[in-house]
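Inside the fold
If you want the building blocks of each chain, they are given just below.
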Amino acid sequence: MFTFVEPTDRLNEMRTIRPKKSLGQHFLKDLDIARRTAETLSDYRGMPVLEVGPGTGVLTRFLLDEGYDLAVVEVDMESVAYLQQHFPELEGRIHADDFLRLDLCRLYPAPQQFCVIGNYPYHISSQIFFKALEYREQVVCCAGMIQKEVAERLAAPPGSKTYGIISALIQPWYDVEYLFTVSEKVFDPPPKVKSAVIRMTRNSRTSLECDETLYKQVVKTSFNQRRKTLRNSMKPLLGKDFPDYALPVFDKRPEQLSVEQFIELTRLSENWLRTSSLQTE
């Protein structure tokens, strides 16, 4: 149970840092939303936590108050200076760096597991989740606030209009939960869109049992023409002579395929591309 209440003077002092449009900064000013966001990690007490883009530390304070083994990474040097001044308990754990370029094994040597959380900049939120995917054997949970539209795509089930590339690439490895919607009015400055808090929990899958690079290519190729059936959208990859276009799966559009069906489609593609390559040698 969270007990910390941010004093009014701290909130007023935080407003002295001007949000930077170039960094996509929108500072959260609603403490209840910060508390609820921090609570997304309640099942992972005792595990190291990395907060991305803490800004003025609204979420940071709730995480520290609950005793998480916390480190933060922040690219904005003005925010870094603020954090150093107001969070002395984070000494040595405030990393002035770009999360997308950071070697996370430098902070958490493999195979150490950890969680990632943050109020993520909207313009790089998808890249942040793909970064977590790169470290999926270590990142057991990735939670936080993002643009509502991106959250809906991440959590979308097959058959949904919002199911797309990011859904099919993340969901093989993480169970994604759309937790709650957040009004644009709780930020300074208010963004032009609503936000949402999600939680991605690492599942038990250890392998796709197909070529992972080709899986990504199959997913991206199929969704490049998402209104067409796979029989048409997959031709840039498989060519017009692919012998299995008569299979029922090729009557479907990409948003109708589950992860398992994309895996099977990848296996079909792999066999054909290998065979056709041998024939041309």
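One can find the structure itself at the top, above this paragraph.
For the rest of this paragraph, the subject is the pattern of salt bridges. Inspection of every chain in the model, using the stated rule, returns 20 salt bridges. Here Arg 136 makes a salt bridge to Glu 212, at a shortest N to O gap of 2.9 Å. Of this pair, Arg 136 sits in the loop between α6 (125–134) and β6 (139–147) while Glu 212 sits in helix α9 (residues 212–223); the two residues are 76 residues apart in sequence, bridging distant segments of the chain. For Glu 184, the salt bridge identified is with Lys 194, shortest N-O distance 3.1 Å. Taken together, the positions of Glu 184 in the loop between β7 (174–182) and β8 (187–188) and Lys 194 in the loop between β8 and β9 (195–202) put the pair 10 residues apart, joining distant regions of the chain. A residue is classified by how much of its surface remains accessible, and Glu 184, at 23% relative accessible area, is partly exposed. Residues joined by salt bridges that share partners form a network here, namely Asp 32, Arg 35 and Glu 39.

On a regular strand, each side chain points to the face opposite its neighbour's, so the side chains alternate between the two faces of the sheet. The buried fraction of strand β5 (residues 114–119) is high, at 5 of 6 residues. As paired strands, strand β2 (residues 49–52) and β5 are joined by 4 bridges and run parallel to one another. Following the sheet pairing, Val 49 is matched in β5 by Cys 115. Here β5 runs beside β6; their pairing, made up of 6 bridges, is parallel. Bridge pairing in β6 places Gly 118 opposite Gly 144. In the classification by handedness, the crossover that spans β5, the intervening α6 and the parallel β6 is right-handed.

Moving on, we get to the packing of aromatic side chains. Taken as a whole and assessed by the stated rule, the structure comprises 9 aromatic pairs. Taking the centre distance of 4.2 Å and the plane angle of 20° together, the rings of Tyr 108 and Phe 114 count as stacked. Just as Tyr 108 is buried, Phe 114 falls in that class too. With centroids separated by 5.4 Å and ring planes inclined at 85°, the aromatic side chains of Tyr 245 and Phe 250 adopt a geometry described as edge-to-face. Each member of the pair Tyr 245 and Phe 250 is classed as buried. Put simply, the rings of Tyr 163, Tyr 215, Phe 223 and Phe 262 pair up and form one aromatic cluster.

Calculation criteria
- Residues numbered from 1 in each chain as written.
- Predicted model: local features only at pLDDT ≥ 70, side-chain atom pairs only at ≥ 80, totals over all residues.
- Heavy atoms only, no water.
- Salt bridge = Lys/Arg side-chain N within 4 Å of Asp/Glu carboxyl O.
- Helix = DSSP H or I, 4+ residues; strand = E, 2+ residues; numbered from the N terminus.
- Buried < 20%, exposed > 50% of the residue type's maximum accessible area, 1.4 Å probe, protein only.
- Pairing = 2+ DSSP bridges.
- Right-handed = clockwise from strand over helix to strand, strands pointing away.
- Phe/Tyr/Trp six-rings, centres within 6.5 Å; stacked < 30°, edge-to-face > 60°.

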